[in-house]
Amino acid sequence: MSDQSMPYGTWPSPLTAKDVARGERGLNFPSAAGGEIWWEESRPDEDGRTTVMRQGGDGSLTELLPRPWNARTRVHEYGGRSHLPVPSRDGQAGTRYGVVFAEFSDQRLYLLERDARHPRPLTPEPERPGSLRYADLSLAPDGEQVLCVRESHAADGSVSRCLVSVPLCGRAAEDPAAVRVLVTGSDFFAAPVASPDGRHLAWLCWDHPRMPWDGTELRVGMFDGDGRVEGIRTLKGGPTESVLAPRWRDDTHLYYVCDRSGWWNLYQVDLDGLVQALHPAEREFAPPPWQLGVTPFCVLDDGRLLVLHGHADLGAALLDPASGSLHPVAGELTSWRSVACDGTTVVGVAGSPRTPWAVVRLDPATGETETVRSGSDAPPSPEFLPTPRAETLSGPHGRRVHAVVYPPAHPDVSGDGPAPYVVWVHGGPTGLADSSMDATKAYFTSRGIGILDVNYGGSAGYGRAYRERLHRQWGVVDVEDAVAAAQALVERGMADPRRLAIRGPSSGGLTALLALTGDTFACGTSYFGVTDLSRLVEETHDFESRYLDGLIGPLPESAELYRERSPITRADEVDVPVLLLQGSEDPVVPPAQARAFAASLAERGVAHLLVEFAGESHGFREAGNVARSLETELAFYGRVFGFVPPGIPEVTLET
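Below is a short write-up of the structure. One numbering rule holds for all chains: residues counted from 1, following each sequence as written. Local features in this predicted model are restricted to residues of pLDDT 70 or higher, and side-chain atom pairs are both shown and tallied only at a pLDDT of 80 or more, whereas totals for entire chains, interfaces and linings draw on every residue. Hydrogens and water are ignored here; the side-chain numbers use all heavy atoms of the structure.

## A word on the overall build of the protein chain
And step 1. Summing up its helical and strand segments, the protein chain has 10 helices and 38 strands in all.
And step 2. By principal-axis analysis of the C-alpha atoms, the protein chain measures approximately 70 × 60 × 50 Å.
And step 3. Relative accessibility thresholds used throughout: buried, under 20% of the residue-type maximum; exposed, over 50%; partly exposed, between the two (1.4 Å probe, protein chains only). Taken over 655 residues, the protein chain has a buried fraction of 62%.
And step 4. A separation of at least 24 residues holds for 57% of the contacts in the protein chain among residues at least 6 apart in sequence. What counts as a helix is a DSSP run of H or I of at least four residues, what counts as a strand is a run of E of at least two, and both are numbered from the N terminus. Contacts are assigned to residue pairs that have any heavy atoms within 4.5 Å of one another.

## Thoughts on the sheet that holds strand E12 (residues 159–167)
Strand pairing in a sheet takes place through backbone hydrogen bonds and is either antiparallel or parallel in direction.
And step 1. When DSSP finds two or more bridges between two strands, those strands count as paired. An order of E10-E11-E12-E13 is seen for the four strands of this open sheet, with the pairing classed as antiparallel. In the strand order of this sheet, the two ends are held by strand E10 (132–139) and strand E13 (180–183), each with one partner. Going from strand to strand, the sheet's axes swing by 35° on average, the running direction of each strand aside.
And step 2. The pairing of strand E11 (residues 145–153) with E12 spans nine bridges and is antiparallel. Among the inter-strand pairings, Ser-152 is bridged to a residue of E12, identified as Ser-160. Inter-axis angles, ranging from 0 to 180 degrees, are taken between N-to-C directions of lines fitted to C-alpha atoms, where helices are fitted over the stretch in contact.

## Re helix H5 (residues 507–515)
And step 1. Along H5, nine of the nine residues are buried, which leaves the element largely enclosed by surrounding structure.
And step 2. When we look at burial in H5, the residues that qualify are Ser-507, Gly-508, Gly-509, Leu-510, Thr-511, Ala-512, Leu-513, Leu-514 and Ala-515.

## Regarding the pattern of salt bridges
And step 1. Here a salt bridge means any side-chain nitrogen of Lys or Arg lying within 4 Å of a carboxyl oxygen belonging to Asp or Glu. Applying the stated criterion to the full structure yields 40 salt bridges.
And step 2. The shortest N-O distance in the salt bridge between Arg-492 and Glu-391 comes to 3.2 Å. Linking Arg-492 in the loop between helix H4 (477–491) and strand E35 (495–505) with Glu-391 in strand E30 (residues 389–394), this pair joins segments that are 101 residues apart in sequence.
And step 3. Classification of Arg-492 by relative accessible area gives partly exposed; the value is 43%.
And step 4. Connected through salt bridges with shared partners, the residues Arg-25, Glu-41, Arg-43, Glu-46, Arg-49, Glu-63, Arg-67, Arg-373 and Asp-377 form a single ionic network.

## Concerning the environment of Arg-117
And step 1. Residue placement: Arg-117 occurs in the loop between strand E8 (109–112) and strand E9 (120–121).
And step 2. With 26 residues separating them in the primary sequence, Arg-117 and Gly-143 have C-alpha atoms 22 Å apart.

## Describing the pairing of strand E34 (residues 450–455)
And step 1. Across the six residues that make up E34, a large majority, six, are buried.
And step 2. Sheet topology places strand E31 (residues 400–406) next to E34; five bridges connect them, and they run antiparallel. Within the sheet, the bridge partner assigned to Val-405 lies in E34 and is Leu-452.
And step 3. Pairing analysis gives five bridges linking strand E33 (residues 419–425) to E34, with the strands arranged parallel. Residue Val-425 lies in a different strand from E34, and its bridge partner there is Val-454.
And step 4. With helix H2 (residues 439–445) bridging E33 and its parallel neighbour E34, the resulting β-α-β unit is right-handed. When the strands point away from the viewer and the connection leading from the first strand across the helix to the second strand turns clockwise, the crossover is called right-handed.

## With respect to the sheet that holds E8
And step 1. Taken in spatial order, the four strands make up an open sheet running E6-E7-E8-E9, and their pairing is antiparallel. Each edge of the open sheet is held by one strand with a lone partner, namely strand E6 (83–87) and E9.
And step 2. Pairing of E6 with strand E7 (residues 97–102), which is carried by five bridges, proceeds in the antiparallel orientation. Residue pairing in the sheet places Pro-87 in a bridge with Tyr-97 of E7.

## Regarding the side chain of Arg-361
And step 1. By the element assignment, Arg-361 lies in strand E28 (residues 355–362).
And step 2. Look at Arg-361: it is buried, it has no salt bridge, and the nearest opposite charge is Glu-370 at 4.1 Å.
And step 3. Pairing of N or O atoms within 3.5 Å defines a polar contact, subject to two protein rules: one partner must be a possible hydrogen donor and the other a possible acceptor, and residues neighboring in sequence count only if both atoms are side-chain atoms. Looking at Arg-361, its side chain comes within polar contact range of the side chain of Gln-55, at 2.4 Å.
And step 4. Each residue touching Arg-361, except ones within four places of it in the same chain, is listed here: Gly-35, Ile-37, Gln-55, Thr-345, Val-346, Val-347, Glu-368, Thr-369, Glu-370 and Val-372. Within this scheme the basic residues Lys and Arg register as positive and the acidic residues Asp and Glu register as negative, but His and the chain ends are omitted.

## Here's the deal with the pairing of strand E17 (residues 229–237)
And step 1. Bridging between strand E16 (residues 217–223) and E17 involves six bridges; their strand directions are antiparallel. Note on E17: the bridge partner recorded for Met-222 is Glu-230.
And step 2. The hairpin formed by E16 and E17 contains five residues between the paired strands, and Gly-227 there has a positive phi angle of roughly 85°.

## Some points on the environment of Ser-446
And step 1. When you line up the elements, Ser-446 lands in the loop between H2 and E34.
And step 2. It is 9.3 Å that separates the C-alpha atoms of Ser-446 and Pro-407, two residues lying 39 residues apart in sequence.
And step 3. In this view, Ser-446 contacts Trp-11, Pro-12, Ser-13, Phe-384, Ala-409 and His-410; residues no more than four positions away in its chain are not counted.
And step 4. Only 2.7 Å separates the side chain of Ser-446 from the side chain of Ser-13, close enough to count as a polar contact.
And step 5. Here the side chain of Ser-446 touches Ala-442 through a polar contact of 2.6 Å, landing on its backbone oxygen.

## Things to note about the packing of aromatic side chains
And step 1. Two aromatic rings, drawn from Phe, Tyr or Trp (for Trp, its six-membered ring), form a pair once their centres lie within 6.5 Å of each other, and the interplanar angle then sorts them: stacked below 30 degrees, edge-to-face above 60, tilted otherwise. Scanning all chains against the criterion turns up 23 aromatic pairs.
And step 2. Measuring from centroid to centroid gives 5.7 Å for Tyr-256 and Tyr-267, while their planes differ by 20°, and the two rings are stacked. Pair noted here: Tyr-256 is in strand E19 (residues 253–258) and Tyr-267 is in strand E20 (residues 265–270), with a separation of 11 residues, a long-range link.
And step 3. Among the residues examined, Tyr-267 registers a relative accessible area of 6% and is labelled buried.
And step 4. Members of the aromatic cluster, joined through ring pairs, are Tyr-78, Phe-188, Trp-206, Trp-213, Trp-290, Phe-543 and Tyr-547.
And step 5. Note on geometry: a ring has a charge over it if NZ (lysine) or CZ (arginine) is within 6 Å of the ring centre and within 35 degrees of the ring normal. The lysine or arginine in question, Arg-447, covers the ring of Tyr-443, its NZ or CZ lying 4.2 Å from the ring centre.

## As for empty space enclosed by the protein
The gaps of empty space that remain are located by a probe, the size of a water molecule, rolled over the atoms.
And step 1. Definitions used throughout: a 1 Å grid over protein atoms alone; a cavity as a set of points that fits a 1.4 Å probe which cannot get out; a pocket as an open set with protein on both sides within 12 Å along at least five of seven lines; a lining residue as one with an atom within 4 Å of a point. Grid points are joined across faces, edges and corners, and a volume is the space filled by probe spheres set on the points. Taken as a whole and judged by the stated rule, the model has two cavities of 30 Å³ or more.
And step 2. As a volume, the largest cavity reaches approximately 120 Å³.
And step 3. Of all the elements in the fold, those that place two or more residues in the lining of the largest cavity are helix H6 (533–539) and helix H7 (547–551).
And step 4. Amino acid classes used here: Ala, Val, Leu, Ile, Met, Phe, Trp, Tyr, Cys and Pro are nonpolar; Asp, Glu, Lys and Arg are charged; the rest, including Gly, are polar. Counted by class, the lining of the largest cavity contains 10 nonpolar, five polar and two charged residues.
And step 5. Its volume calculated, the second largest cavity comes out at about 50 Å³.
And step 6. Pro-353, Leu-385, Pro-386, Pro-388, Tyr-406, Ser-435, Ser-436, Met-437 and Asp-438 together form the lining of the second largest cavity.
And step 7. Residue classes in the lining of the second largest cavity are distributed as six nonpolar, two polar and one charged.

This is the structure we're talking about:
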């Protein structure tokens with residue numbers, strides 16, 4: 001095809017919605033032990049089921065959990081690390097590793113011994129399915145127990161958490177008393193890790209109404225003769241200091257990440273509380289802790305640390321704690337999620353704008369990486385991928401707004417004049433948008449629709465002060481920043497002011513819907529977005545039940561603000577078409593919220609479309625549903641912007 005001009009939105013693209021949906025394996029939570037590596041892998045074409053994969057020392061790949069096993073914990077509802085390699089108890093010579101994992105269907109812990117055909121339960125069957133949940137697993141120094149967070153859901157709906165030890169012999173499967181409670185007394189726990197000599201236990205904890213990026217405490221205690229913990233004291237952290245990812249250096253020193261300087265930097269502390277900053281910098285050394293078990297650094301046998309650092313995108317580097325020197329490695333991989341090592345073998349999950357997320361093995365001596373498992377067997381052709389540009393745009397009142405711009409990209413076709421753009425608003429709202437390869441973005445940009453991914457005030461990646469811009473200002477600062485970013489592209493002549501859309505998932509859906517009350521956007525898309533803040537407080541899960549105290553204000557004194565900031569309250573100010581995409585089994589933002597907003601639009605005759613996806617939770621996992629949502633969204637933009645995307649079923653809006 002020769003270079004030609006075609007209307008935006010109609011460019012021929014080889015990337016179909018089905019390609020996007022089935023082409024991405026979810027790779028996360030790598031582990032390393034004895035020269036072998038493990039990771040969790042979710043499969044969109046298997047209804048989002050998560051298995052555990054292993055690469056042996058000979059390079060062979062093994063799927064450890066066939067259907068119907070599903071390694072996924074529901075602690076905090078967002079879950080996190082659900083597996084842990086453990087030394088095998090089979091008595092054979094040499095160290096062989098089995099794997100402990102949390103099974104999604106009943107939330108019990110199971111052990112799959114090396115070469116065993118079937119896992120066996122380690123924890124008791126709860127009174128009600130899923131009422132006892134486990135996460136953030138670590139191995140006790142004696143190798144006989146797993147230390148972890150246990151979340152208990154009572155019949156009256158109350159939730160409590162504690163740290164427990166679970167014997168690997170399986171005795172607790174029949175005797176609940178064999179699960180030993182180690183620490184109680186806080187609303188939330190994370191990262192239990194025992195010192196190498198087995199004398200001390202360190203962990204993180206925090207209480208409502210704080211979220212883990214607001215304030216956590218690093219505590220330590222001593223194991224008594226019965227394996228319980230006594231002499232508990234706080235080493236670091238507090239209500240306004242977020243501590244993350246503790247790891248023992250030796251028997252008396254801990255490494256950890258903390259934002260005491262305004263940035264999540266790395267520190268060392270001894271048992272007397274003496275602190276040393278390892279590399280002070282205006283960069284983050286950890287992502288926001290939405291899930292349990294993320295490891296943003298690991299300790300090598302030679303004493304150096306393999307760390308992640310940056311802003312929205314985290315790169316990899318080697319840090320020498322003695323000198324504080326930091327040396328970047330694997331520069332071609334610009335986005336990292338998590339790393340792990342056994343002292344010599346380093347493994348991580350990483351990607352770039354041109355490389356799909358992959359499990360990679362990194363050689364600390366050379367900085368070179370080897371791909372172990374790619375998230376995609378057939379990634380989009382590079383010529384159809386957009387080239388992201390990180391931008392710092394001018395926002396209201398002189399504020400800086402961070403964003404990533406993805407212009408339309410096609411090797412053979414161009415468009416005339418400014419392009420239609422969709423402003424993407426990430427969820428969280430204490431989340432972030434990085435520049436890693438995203439086939440969903442390419443699905444739109446390869447057809448002539450630009451994307452502006454906004455890290456509005458409140459986003460992670462740019463320090464505590466930037467995160468705290470959203471304190472008591474959710475629904476204000478985020479909306480202002482999204483609007484300002486879109487207008488900045490219009491002023492540059494890149495974006496067509498008549499063809500601007502905004503879309504957001506979850507909390508980003510609230511921002512998107514509120515932004516539609518102004519006159520900047522011609523339409524908007526909400527993926528399982530929040531529409532009623534008061535209802536959200538009543539219906540959401542325990543982890544986020546007090547999140548809005550900081551984002552809006554405590555109840556009941558801030559009740560009027562909750563009403564003013566709720567899209568459902570301001571639905572009468574929305575006069576442009578709205579697309580609502582919702583999971584029918586969403587525990588975070590129940591479908592009643594989307595239904596109520598659609599009903600409000602219908603009362604006024606505003607064009608809209610509500611599509612519910614049966615069986616989906618907070619985020620779509622089933623490949624067919626992912627594909628259908630993308631095609632519906634593209635057809636929706638075509639309907640509003642006046643183009644017909646080829647090969648995509650048209651949608652009919654309701655009034």
